[in-house]
4 protein chains.
Amino acid sequence: MQPLEKAATKGQRTDEAFRAAARLVFARDGYLNAKISDIAAAAGRSVASFYNYYDTKADLLIALAEEFHAEATQLAALPYRAGLSGEEALREAVAGFWRTYARRRGELIGIFQAAMIEGRFRDRWLELRGEAITRIAGAVRAAQADGYCPGADPVMTASALSAMLEHFCYIWLGQGGEKDVPFDDERALDALCTIWVKAVYWRAEPL
Amino acid sequence: MQPLEKAATKGQRTDEAFRAAARLVFARDGYLNAKISDIAAAAGRSVASFYNYYDTKADLLIALAEEFHAEATQLAALPYRAGLSGEEALREAVAGFWRTYARRRGELIGIFQAAMIEGRFRDRWLELRGEAITRIAGAVRAAQADGYCPGADPVMTASALSAMLEHFCYIWLGQGGEKDVPFDDERALDALCTIWVKAVYWRAEPL
Amino acid sequence: MQPLEKAATKGQRTDEAFRAAARLVFARDGYLNAKISDIAAAAGRSVASFYNYYDTKADLLIALAEEFHAEATQLAALPYRAGLSGEEALREAVAGFWRTYARRRGELIGIFQAAMIEGRFRDRWLELRGEAITRIAGAVRAAQADGYCPGADPVMTASALSAMLEHFCYIWLGQGGEKDVPFDDERALDALCTIWVKAVYWRAEPL
Amino acid sequence: MQPLEKAATKGQRTDEAFRAAARLVFARDGYLNAKISDIAAAAGRSVASFYNYYDTKADLLIALAEEFHAEATQLAALPYRAGLSGEEALREAVAGFWRTYARRRGELIGIFQAAMIEGRFRDRWLELRGEAITRIAGAVRAAQADGYCPGADPVMTASALSAMLEHFCYIWLGQGGEKDVPFDDERALDALCTIWVKAVYWRAEPL
DNA sequence: TATGAATGAGATTTCATTCAT
DNA sequence: GATGAATGAAATCTCATTCAT
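What counts and what doesn't
Residues numbered from 1 in each chain as written. Chains lettered and ligands numbered in written order. Predicted model: local features only at pLDDT ≥ 70, side-chain atom pairs only at ≥ 80, totals over all residues. Heavy atoms only, no water. Contact = heavy atoms within 4.5 Å. Buried area = accessible area lost by both parts, 1.4 Å probe. Salt bridge = Lys/Arg side-chain N within 4 Å of Asp/Glu carboxyl O. Near = heavy atom within 4 Å. Polar contact = N/O pair within 3.5 Å; in protein donor to acceptor, adjacent residues only side chain to side chain. Nonpolar A, V, L, I, M, F, W, Y, C, P; charged D, E, K, R; others polar. Helix = DSSP H or I, 4+ residues; strand = E, 2+ residues; numbered from the N terminus. Buried < 20%, exposed > 50% of the residue type's maximum accessible area, 1.4 Å probe, protein only. Expected span 1.5 Å × (residues − 1). Axes fitted to C-alpha atoms, helices over the stretch in contact; angles between N-to-C directions. Parallel < 35°, antiparallel > 145°, perpendicular 65-115°, else oblique. Left-handed = near helix turned anticlockwise from the far one by under 90°. Phe/Tyr/Trp six-rings, centres within 6.5 Å; stacked < 30°, edge-to-face > 60°. Lys NZ or Arg CZ within 6 Å of the ring centre and 35° of its normal.

Caption draft 1: Local environment of the interface of chain B and chain A. Counting residues at the interface gives 43 residues for chain B and 43 residues for chain A. When chain B packs against chain A, the two sides together hide about 3,900 Å² of surface, and 70% of this comes from carbon and sulfur. Considering only the surface of chain B that becomes buried against chain A, B:Met116, B:Met156 and B:Lys198 emerge as the three largest contributors, covering 18% of it. Applying the counting criterion to the chain B and chain A interface returns 4 salt bridges.

Below is the structure:
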């Protein structure tokens, strides 16, 4: 009876076109090299039209980053809700993150580059990452309650693991990998998970 | 003995001034925000003079990066030559890297930012990092020969550990740390080393 | 009696909204800084709607200026019709002008700024002002017939007095006055009238 | 023996070229219509070169206005120093102002237009004009000490006379005069001076 | 009539790079 | 070697104006 809610207005479709175009261009040229005119061209719109939707390139990236963050966070939480064991859930969560980045290369590259250069964006990203670190640190404490990794500093450990996760994703999924090392999705993800698991689920040496 | 080395020519002194200025400006403003005119101003020379020594900002950074890489490599090798045990040597090597970056914040920031944006620099940096990964992978294989971390992919593991090392250094030494986490050199370095050690020196669970 | 006049059409109400909005925005931001979008926003209408009523910002201002001019002219004529003496009528006429500008700050600012920049508007304003000058010159000649201000060029004198009147109004009523001089409506108006009176009603020195 | 100090550097000559070009373009197109590119073209330099000397068009105008103000002020002071009588000196001072504006039409137009629109410039100009008003008010008080214009408010009177002076100059020297009134330098200046003199040098009516 | 949306056409501004001295 | 000065080539951003609905 009622027209489906989907009927996006013209403006919504244009906005979507700019987002899609930005993901494309960021993935192709990098965030810093991307010009507004490139994004507009990829979106099939005029440069002036861009400014009807975003004030700056950074604003558009922030919108994409929020979307991305929401998805990654949700995906990372799923395995825990599903009641998997700590180690199992961990592997799944890391894998979820990896796959999200793989699917959203534009955001991956945009976020990383912008976080390094644009003060405004960096602040927002530090906040989002702060949430992730808090969650990881919580998981470390939970493991410690079970007798694992005694004495480890949960927050610093979380910071280091998060740094590894992000940068490793950037190198392999964003930048095309290391020199002279063939790309292998499986092995890369497995190495990442194994390090993470071993870094948390170890016990003190028996005396 | 070799007094001649001291007598730096006018040109050498100017070159040195540009390098020092670049380190200062990169640390202060970031590599991407640094203008040639900023570096020249910090060096107390004219912009035109800059071009007598380097063709681009990237060239100057490459020179700095080579210096930096040589120092870090040498420092990382020392503990092994000193005959320390695997784990001990590892901690020392990581600490050496950390301290080198702490002392050379300009290079740290410059290298990281440029590796993300400038194709020319990125290629060179991937080569330098390739060496490090080869070395780390070698250490992993050595550990495997002693029965540690069976089944782990040495190169992927090295890539992930290297990613962690670099990015964690950048966050803490370059960018000022995580949101709402106080800086603590000791704890940061310790967390980093512990993860690394546990990621490599683990044995298969006894059945 | 004429109830029909009241029934403003939709279009008339919209037109009125644009005029009121323009007066507001000109007074607040100045004519040159006023964007069509600002006026439309203040009027609560769309920008596109603006073009149903006026072709340009200048056209809208011209409409306002005609209104303004008619009112000021009428007010200036009143005291003469009322049969006041020359000097008395003069003071009243100047006061009428002053008060009209005070009540219509938007027009004051708009007219002044536009007359300085927009050729199209300037031409129209020169015509309107020409009328005023003709009238003032006539008053000067009348005074001369009574033996006042012998030898004075009526038109040039009228031009100068008119310039004083307008600019003084603009400074005090439009721009907020001189630096470090407190606003005082009474004294300002009095100084203006006195100068005008003395400039016209003087007699040759007795030999 | 020593080379004459005149030998202007290349930069000084370029600066001078920009100033001259600005005066030309302001006089021709008005300040607000003048584009940086017009000024650069008139100066025979590139647009980029402009920015080596001034940050904005307003900055260049301020420089011109200061020059202008200094000259006008000095010229206005001369007749008083020369020991002329009050009325004589007054006519000379006004004439000096008139002639300065006549010679510097670019500044006249630039100053007037900018004072109306650009906040930054307006503030500076209000200051400069404040000086003039203080001086005129002083002259009014001096006249009052001799029994002239009793009861007149010196500052308001000065403000009104200054308004007349400036706007009359703008209309006749900047804008080309009133509609249908032939230009006549002599008569214009004479009307202006006469008004000024009569506005100040009048005595209370004998009872 | 009214309006959401789109855009052409400019103007400002920045900077790496060059060159004459 | 060193530098004051000049500039080409972009990229960003703004707005009046138009048009389809």
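Caption draft 2: Representation of the protein's contact with DNA strand E. Near DNA strand E you find 30 residues, and of these A:Thr14, A:Ala48, A:Tyr53, C:Ala48 and D:Lys35 are the closest. Expressed as a percentage, the sugar and phosphate content of the atoms of DNA strand E within 4 Å of the protein is 65%. Between A:Thr14 and DNA strand E, the recorded distance is 2.4 Å, taken from a side-chain N or O atom to a phosphate oxygen. Within the contact set of DNA strand E, a phosphate oxygen lies 3.0 Å away from a side-chain nitrogen or oxygen of C:Tyr53. Here the surface near DNA strand E is composed, by residue class, of 12 nonpolar, 10 polar and 8 charged.

Caption draft 3: Here's a closer look at the pattern of salt bridges. As enumerated under the stated definition, the model contains 64 salt bridges over all chains in all. Here A:Lys35 and A:Asp38 are joined by a salt bridge, their closest N and O atoms 3.9 Å apart. A salt bridge links D:Asp153 to C:Arg187, with the shortest nitrogen-to-oxygen separation between them at 2.7 Å. Of this pair, D:Asp153 sits in the loop between helix 7 (119-145) and helix 8 (154-174) while C:Arg187 sits in helix 10 (residues 185-200), on two different chains. For C:Arg187, a relative accessible area of 44% corresponds to the partly exposed category. Sharing partners across several salt bridges, the network here consists of A:Asp15, A:Arg19, A:Arg23, A:Glu67, A:Glu71, A:Arg103, A:Arg104 and A:Glu107.

Caption draft 4: Inspection of the interface of chain D and chain C at higher detail. Of the residues lining the interface, 43 residues belong to chain D; the matching set on chain C comes to 43 residues. Where chain D abuts chain C, roughly 3,900 Å² becomes buried across the two surfaces, and 70% of that area is made up of carbon and sulfur atoms. Connecting chain D to chain C are 4 salt bridges. The tally of links from chain D across to chain C stands at 12 residue pairs in polar contact (both at pLDDT 80 or more). Secondary-structure elements contributing two or more residues to the side of chain D that touches chain C are helix 6 (105-117), helix 7, helix 8 and helix 9 (185-200) of chain D.

Caption draft 5: View of helix 6 of chain D. Residues and elements named next belong to chain D. An ideal rise of 1.5 Å per residue puts 18 Å on 13 residues; helix 6 measures up with 19 Å between its terminal C-alpha atoms. Summarising burial for helix 6: 12 of the 13 residues are buried, a large majority. Residues Gly 106, Glu 107, Leu 108, Ile 109, Gly 110, Ile 111, Phe 112, Gln 113, Ala 114, Ala 115, Met 116 and Ile 117 constitute the buried set of helix 6.

Caption draft 6: Structural view of the packing of helix 1 (residues 10-29) of chain B against helix 2 (residues 36-43) of chain B. Residues and elements named next belong to chain B. At their nearest, the axes of helix 1 and helix 2 sit 8 Å apart, and the two run at 120° to each other. Judged on the interaxial angle alone, helix 2 and helix 1 are oblique. Remark: the crossing between helix 1 and helix 2 carries right-handed chirality. Side by side, helix 1 and helix 2 meet where Ala 17, Phe 18, Ala 21, Ala 22, Leu 24, Val 25, Phe 26 and Asp 29 of the first sit next to Asp 38, Ile 39, Ala 40, Ala 42 and Ala 43 of the second. In the contact of helix 1 with helix 2, the residues fall into 11 nonpolar, no polar and 2 charged.

Caption draft 7: Region of interest: unusual backbone geometry. All names here are of chain C. A positive phi angle, close to 65°, is found at Asp 180, a residue other than glycine. Inspection of the secondary structure puts Asp 180 in the loop between helix 9 (154-174) and helix 10. By relative accessible area, which is 70% here, Asp 180 ends up exposed.

Caption draft 8: Examining the protein's contact with DNA strand F more closely. Surveying the vicinity of DNA strand F reveals 29 residues, the closest of which are A:Lys35, B:Thr14, D:Thr14, D:Ala48 and D:Tyr53. Among atoms of DNA strand F positioned within 4 Å of the protein, sugar and phosphate together represent 66%. C:Tyr51 is positioned with one of its side-chain polar atoms (N or O) 3.3 Å from a phosphate oxygen of DNA strand F. At a separation of 3.0 Å, a phosphate oxygen of DNA strand F approaches a polar backbone atom of D:Ser46.

Caption draft 9: Examining the packing of aromatic side chains more closely. Throughout the structure, instances matching the rule amount to 56 aromatic pairs over all chains. Considering the side-chain rings of A:Phe50 and A:Tyr51, the 5.5 Å spacing of their centres and the 80° angle between planes classify their relative orientation as edge-to-face. By relative accessible area, A:Phe50 is classed as buried at 0%. The exposure class of A:Tyr51 is partly exposed, given its relative accessible area of 43%. Taking the centre distance of 5.9 Å and the plane angle of 45° together, the rings of C:Phe50 and C:Tyr54 count as tilted. Over the aromatic face of C:Tyr31 sits the side chain of C:Lys57, whose NZ or CZ is 4.4 Å from the ring centroid.

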